[in-house]
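Structure assessment
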Amino acid sequence: MKADSIDFILPWVDNADPLWQTERQNYKDEDDGFMNSNDCRYRDWGILRYWFRCVECNAPWVRKIHFVTCGHHPEWLNLNHPKLNFVKHKDYIPEEYLPTFSSHPIELNLHRINGLAEHFVYFNDDIFLLAPVKPSDFFKKGLPRDCGIRVFPVVYDIGLINMNDINIINKEFNFAKQFKQNYWKWMNYRYGIHIIRNLLLMHYEYFTGSKVLHVANSFKKSTFEEVWQKYGDVLDKTCQHRFRSPLDVNQWLMKYWQVVKGDFYPQSLKIGKHYFIDNIVQLKRELNNKHTKLVCFSEHEGMSDITLLKQEVIRLFQEAYPEKSSFEL
């Protein structure tokens with residue numbers, strides 16, 4: 001896989017933007033409160049610049065970074081950087097879906113981004129590259145790297161959306177047949193002890209879900225195009241929702257589609273880790289050691305002392321990555 005053929009996509013929102021706040025308030029009557037009301041869905045931790053520093057240090061080979069927002073951007077961002085494509089929602093999301101305050105229309109329409117490569121990696125702004133990565137960490141033999149590890153879905157919040165994804169997969173594919181055709185992708189040594197999951201679930205002929213690592217996801221643009229062609233009505237209904245709904249599907253549908261179809265190359269779970277951002281001990285350890293390639297530092301509900309915590313998080317990132325990147329003015 002050539003290094004200059006892989007793009008990164010990063011969506012971002014500035015929840016402090018008064019225009020964004022006003023627009024969101026104007027559509028509040030459409031928000032049923034499903035996974036939308038908590039500030040952790042939109043909070044900016046002030047560490048975006050370090051995401052770019054990590055990429056420049058650890059993935060200098062990336063062809064293009066598509067930075068996706070509703071239209072705002074940090075003042076320090078160098079919009080003229082040759083590897084940066086500043087993408088506004090209106091540039092690629094059909095007008096009838098805008099404005100949106102849900103990640104699902106933003107994700108499900110990614111294939112429409114002008115100039116997007118066939119092979120791309122989708123990040124969130126809480127997922128950082130903390131060690132050098134190669135193109136083969138994301139794609140191998142032209143296939144997205146992923147884990148064919150079976151799981152049972154957990155039915156709460158995102159699990160409801162997950163079930164919608166799974167139902168479509170079972171409608172489209174004969175999972176038992178696909179499993180047999182791609183047996184060594186499911187029973188792969190890279191999964192280690194997790195192979196036991198596949199053995200225990202062997203007698204379930206239907207797809208029940210596969211393990212989703214809380215890190216960046218590798219996709220083929222053609223997968224999105226194929227799913228839209230076959231299930232455009234379902235995706236359209238999701239995109240019509242300005243806020244998250246339990247009736248939605250999400251990017252996991254595309255991920256599952258690739259895995260069940262056998263359109264993936266087995267990936268080790270050691271590629272990344274996940275912590276909550278208020279776990280300062282682990283945050284400091286990962287930033288100092290810089291051994292783990294992908295680390296997600298996500299927020300959770302019920303966190304307190306956000307202001308002090310945010311200051312400490314920024315301080316730790318600044319100590320680990322003090323040098324400005326070429327993406328900064």
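Provided above is the structure to which this section pertains.
Described below are features of the structure shown in this document. (Residues numbered from 1 in each chain as written. Predicted model: local features only at pLDDT ≥ 70, side-chain atom pairs only at ≥ 80, totals over all residues. Heavy atoms only, no water.)

1. So, the side chain of T100
Definition in use: In this text, helices come from DSSP runs of H or I with a minimum length of four residues, and strands from runs of E with a minimum of two, each type numbered from the N-terminal end. Burial classification: accessible surface area is computed with a 1.4 Å probe over protein chains only, and a residue below 20% of its type maximum counts as buried, one above 50% as exposed, and the rest as partly exposed. Any pair of N or O atoms that falls within 3.5 Å is considered a polar contact. Within protein, one atom must be able to donate a hydrogen and the other to accept it, and sequence-neighbouring residues count only if both atoms are side-chain atoms. The contact rule is simple, with two residues in contact once any of their heavy atoms fall within 4.5 Å.
On the secondary structure map, T100 appears in the loop between α3 (89–92) and α4 (103–108). Residue T100 is classed as buried on the basis of its relative accessible area, which comes to 6%. A polar atom in the side chain of T100 sits 3.3 Å from the backbone nitrogen of S102. Residues in contact with T100, not counting those within four places in the same chain, are H89, P105, I106, H241 and R242.

2. What to know about the nonpolar core
We count it as follows: Definition used in this section: a nonpolar core is a set of buried Ala, Val, Leu, Ile, Met, Phe, Trp, Tyr and Cys residues joined via side-chain atoms within 4.5 Å.
Counting 94 residues, the largest nonpolar core has F8, F52, F123 and L129 as the members making the most contacts within it. Looking at this core element by element, the count peaks at seven residues for helix α10 (residues 252–261). For F123, the contacting residues outside a window of four places in its chain are F8, I9, L10, P11, W51, L129, A216 and L294. Counting five residues, the second-largest nonpolar core is a separate cluster that includes V13, W20, Y42 and F101.

3. What about the sheet that holds strand β5 (residues 127–129)?
Quick reminder of the rule: The pairing criterion for strands is at least two bridges between them, as found by DSSP. To define axes, lines are fitted to C-alpha atoms, for helices over the stretch in contact only, and angles between the resulting N-to-C directions are given on a 0 to 180 degree scale.
Strand order in the open sheet formed by three strands is β5-β11-β10, and the pairing between neighbours is mixed. Looking at which strands have only one partner, the edges of the open sheet turn out to be β5 and β10 (272–276). The mean inter-strand angle of the sheet, taken between neighbouring strand axes irrespective of direction, is 25 degrees.

4. Thoughts on α10
Of all 10 residues in α10, nine are buried, a share of seventy percent or more. Of the residues making up α10, those classed as buried are W252, L253, M254, K255, Y256, W257, Q258, V259 and V260. Just downstream of α10, G262 is the residue with a positive phi angle, here 85 degrees.

5. Re the packing of helix α9 (residues 221–239) against α10
Heads up, the condition is: Put simply, angles under 35 degrees are roughly parallel, angles over 145 are roughly antiparallel, angles from 65 to 115 are roughly perpendicular, and the rest are oblique. Crossings are assigned a handedness: left-handed for a near helix turned anticlockwise from the far helix by less than a right angle, right-handed for a clockwise turn. Side-chain classes are defined by residue name, with Ala, Val, Leu, Ile, Met, Phe, Trp, Tyr, Cys and Pro counting as nonpolar, Asp, Glu, Lys and Arg as charged, and the others, Gly among them, as polar.
Close contact between α9 and α10 brings their axes to 11 Å; oriented N to C, the two are set at 120 degrees. In this view, α9 runs oblique relative to α10, as classed from their interaxial angle. As α9 runs across α10, the sense of the crossing is right-handed. In this structure, α9 uses T223, F224, E226, V227, W228, K230, Y231 and L235 to contact α10, whose residues at the interface are L253, M254, W257, Q258 and K261. Taken together, the residues that form the contact of α9 with α10 break down as eight nonpolar, two polar and three charged.

6. Looking at the environment of W20
Mapped onto the elements, W20 comes out in helix α1 (residues 18–26). Classification of W20 as buried rests on a relative accessible area of 6%. Remark: the alpha-carbon pair of W20 and V259, spanning 239 residues in sequence, is separated by 36 Å. What W20 contacts, discounting residues up to four positions off in sequence, is V13, D14, N15, Y42, C70, H72 and F101.

7. What about the pairing of strand β7 (residues 143–146)?
With two bridges connecting them, strand β6 (residues 139–140) and β7 associate as antiparallel partners. Along β7, the bridge assignment pairs F139 with P144. The turn linking β6 back onto β7 is made up of two residues, and K141 within it adopts a positive phi angle of 55 degrees. Two strands pair when backbone bridges link them, and β7 and strand β9 (residues 265–266) are joined in this way by two bridges, in the parallel orientation. By the bridge assignment for β9, R145 is matched with Y265.

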